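Below, each chain spelled out in residue letters.
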Amino acid sequence: CLDSEGKLHKFGSSWRTNNCDDCSCSRDGIRCCTSYVTPADYDKEKCESIFSKETCSYKVVEKDDHSKECPVHSWMG
């Protein structure tokens, strides 16, 4: 399989892209999906979500103080 970056992958292999997608190669082609969940239900007036490419995850923190995490009631992924 040839991915969008021009890299060749063997059938049956899997990898994570720089954009945090999990991909796999089969004889049918390449399949990719996001490796992370997105926060959906939290106090958007008081808090903001921040994505980290290093950990491929979101953190929801207070807008005025990023050291304080906010509760998230539901995630989508």
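For the structure, check the block above.
In this text, all values refer to a predicted model and were calculated from it rather than measured experimentally.

Quick word on the environment of lysine 68
Along the chain, lysine 68 turns up in the loop between strand S6 (57-62) and strand S7 (74-76). Taking the C-alpha atoms as reference points, lysine 68 and cysteine 47, separated by 21 residues in sequence, lie 9.4 Å from one another. Contact partners of lysine 68, with chain neighbours within four places excluded, come to Val60, Val61 and Glu62.

Describing the packing of aromatic side chains
All told, the structure shown has three aromatic pairs when counted by the stated rule. Plain terms: the ring middles of tyrosine 36 and tyrosine 58 are 6.0 Å apart, the flat faces sit at 65° to each other, and that makes the pair edge-to-face. Of the two residues, tyrosine 36 sits in the loop between strand S3 (29-34) and strand S4 (38-41) while tyrosine 58 sits in strand S6, which places them 22 residues apart along the sequence. Judged by its relative accessible area of 19%, tyrosine 36 falls in the buried class. Classification of tyrosine 58 by relative accessible area gives partly exposed; the value is 25%. The structure contains a cluster of three or more aromatic residues connected by ring pairs, namely Tyr36, Phe51 and Tyr58. Sitting above the plane of the tyrosine 42 ring, lysine 44 keeps its charged end 4.6 Å from the centroid.

Focus on the state of the cysteines
Counted under the stated rule, the structure contains four disulfides. Each disulfide pairs two cysteine sulfurs, and for cysteine 47 the partner residue is cysteine 70, the sulfurs being separated by 2.0 Å. Its torsion about the S-S bond being -85°, the disulfide of cysteine 47 and cysteine 70 is classed as left-handed. Highlighted residues: cysteine 47 in strand S5 (residues 47-52) and cysteine 70 in the loop between S6 and S7, separated in sequence by 23 residues. The exposure class of cysteine 47 is buried, given its relative accessible area of 4%. Relative accessible area serves as the criterion here: at 10%, cysteine 70 is assigned to the buried category. Disulfide partners in the chain, listed by the sequence order of the bonded cysteines, are 1-4, 2-7, 3-5, 6-8. Free of any disulfide, cysteine 33 has its nearest cysteine sulfur in cysteine 32, 7.7 Å distant. Residue classification places cysteine 33 among the partly exposed residues on the basis of a relative accessible area of 48%.

Reading the values: the criteria
- Once a new chain begins, its residue numbering starts again from 1 and follows that chain's sequence as written.
- Given that the model is predicted, a residue must reach a pLDDT of at least 70 before its local features are reported, and side-chain atom pairs must reach 80 or more before they are shown or counted; all residues, however, enter totals for whole chains, interfaces and linings.
- The side-chain figures draw on all heavy atoms in the structure; neither hydrogens nor water molecules are used.
- Helix and strand assignments come from DSSP, with helices taken as H or I runs of at least 4 residues and strands as E runs of at least 2, each series counted from the N terminus.
- Only heavy atoms matter for contacts: two residues are in contact if any of them lie within 4.5 Å across the pair.
- Here is the rule: rings of Phe, Tyr and Trp (six-membered ring for Trp) pair when centre to centre is within 6.5 Å. Planes less than 30 degrees apart are stacked, more than 60 are edge-to-face, and the remainder are tilted.
- A simple rule labels every residue: compare its accessible area, found with a 1.4 Å probe on the protein chains alone, to the largest value its type can have, and call it buried under 20%, exposed over 50%, or partly exposed in between.
- In this scheme, Lys NZ or Arg CZ marks a charge over a ring once it lies within 6 Å of the ring centre and within 35 degrees of the ring normal.
- Pairs of cysteine sulfur atoms within 2.5 Å are what we label disulfides.

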